[in-house]
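# Observations on chain architecture
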Amino acid sequence: GGSALAADSTAALALINSYQAAASCLVTWMLVERVVRKRWSAIGAVTGAVVGLVIITPAAGFVSTIGAFAMGVIGALMVYPFFQ
């Protein structure tokens, strides 16, 4: 995406997908945390967002926005148990 130093459609897609994956992972993480621990936490929200960014980084410029959403949701569900 941004490594080519170009402000083109691939860079725009990478930016949108980064936001999409971080947001979907954050929301999923918070919902799982609410079900498991019966409460929300700011640390959980930040952790979910960071996990979403880590998951999407290699593919941000190459997947659709639906793919980024799915990566965020699936990533949160896969990573959450290891943070407990």
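As a reminder, the structure under discussion sits directly above these lines.
Keep in mind that what you see is a predicted model, and the values were worked out from it rather than measured.

### Observations regarding the overall build of the protein
Scanning the protein for helices and strands turns up three helices and zero strands. Its helices and strands taken in sequence order, the protein reads α-α-α from the N to the C terminus. Expressed along its principal axes, the backbone C-alpha trace of the protein runs to roughly 45 × 20 × 15 Å. Buried positions account for 32% of the 84 residues belonging to the protein. The long-range fraction of contacts in the protein, counting pairs at least 24 apart against all pairs at least 6 apart in sequence, stands at 65%. Counting every atom, the protein has about 5,100 Å² of accessible surface; 75% of that belongs to carbon and sulfur.

### Side note on the packing of aromatic side chains
How two aromatic rings sit relative to each other is set out by the distance from centre to centre and by the angle between their planes. Throughout the structure, instances matching the rule amount to two aromatic pairs. Relative to F83, the ring of W29 has its centre 5.3 Å away and its plane inclined at 85 degrees; by these criteria the two rings are edge-to-face. Of this pair, W29 sits in helix α1 (residues 9-37) while F83 sits in the segment after α3 (65-79), and the two are 54 residues apart along the sequence. In this structure W29 comes out as buried when scored by relative accessible area, which is 3%. Each member of the aromatic cluster is reached from another via a ring pair, and the members are W29, Y80 and F83.

### A look at the pattern of salt bridges
Counted by the stated rule, this structure contains one salt bridge. Ionic pairing is found between E33 and R37, a salt bridge with its closest N-O pair at 3.9 Å. A residue pair is termed a helical-turn pair when its members lie 3 or 4 positions apart in one helix, as E33 and R37 do in helix α1 at four residues.

### Details of the packing of α1 against helix α2 (residues 42-56)
Packing of α1 against α2 leaves a shortest axis separation of 7 Å and a crossing angle of 140 degrees. Comparing their axes, α2 and α1 come out oblique. Read as a crossing pair, α1 and α2 show a hand that is right-handed. Counted together, N17, S18, A21, A22, C25, L26, W29, M30 and E33 of α1 and G44, A45, T47, G48, A49, V51, G52, L53 and I56 of α2 form the full contact between these two elements. For the contact of α1 with α2, the residue count by class is eleven nonpolar, six polar and one charged.

Rules used in this analysis
- Residues numbered from 1 in each chain as written.
- Predicted model: local features only at pLDDT ≥ 70, side-chain atom pairs only at ≥ 80, totals over all residues.
- Heavy atoms only, no water.
- Helix = DSSP H or I, 4+ residues; strand = E, 2+ residues; numbered from the N terminus.
- Buried < 20%, exposed > 50% of the residue type's maximum accessible area, 1.4 Å probe, protein only.
- Contact = heavy atoms within 4.5 Å.
- Areas by Shrake-Rupley, 256 points an atom, 1.4 Å probe, with all protein chains shown as cover.
- Phe/Tyr/Trp six-rings, centres within 6.5 Å; stacked < 30°, edge-to-face > 60°.
- Salt bridge = Lys/Arg side-chain N within 4 Å of Asp/Glu carboxyl O.
- Axes fitted to C-alpha atoms, helices over the stretch in contact; angles between N-to-C directions.
- Parallel < 35°, antiparallel > 145°, perpendicular 65-115°, else oblique.
- Left-handed = near helix turned anticlockwise from the far one by under 90°.
- Nonpolar A, V, L, I, M, F, W, Y, C, P; charged D, E, K, R; others polar.

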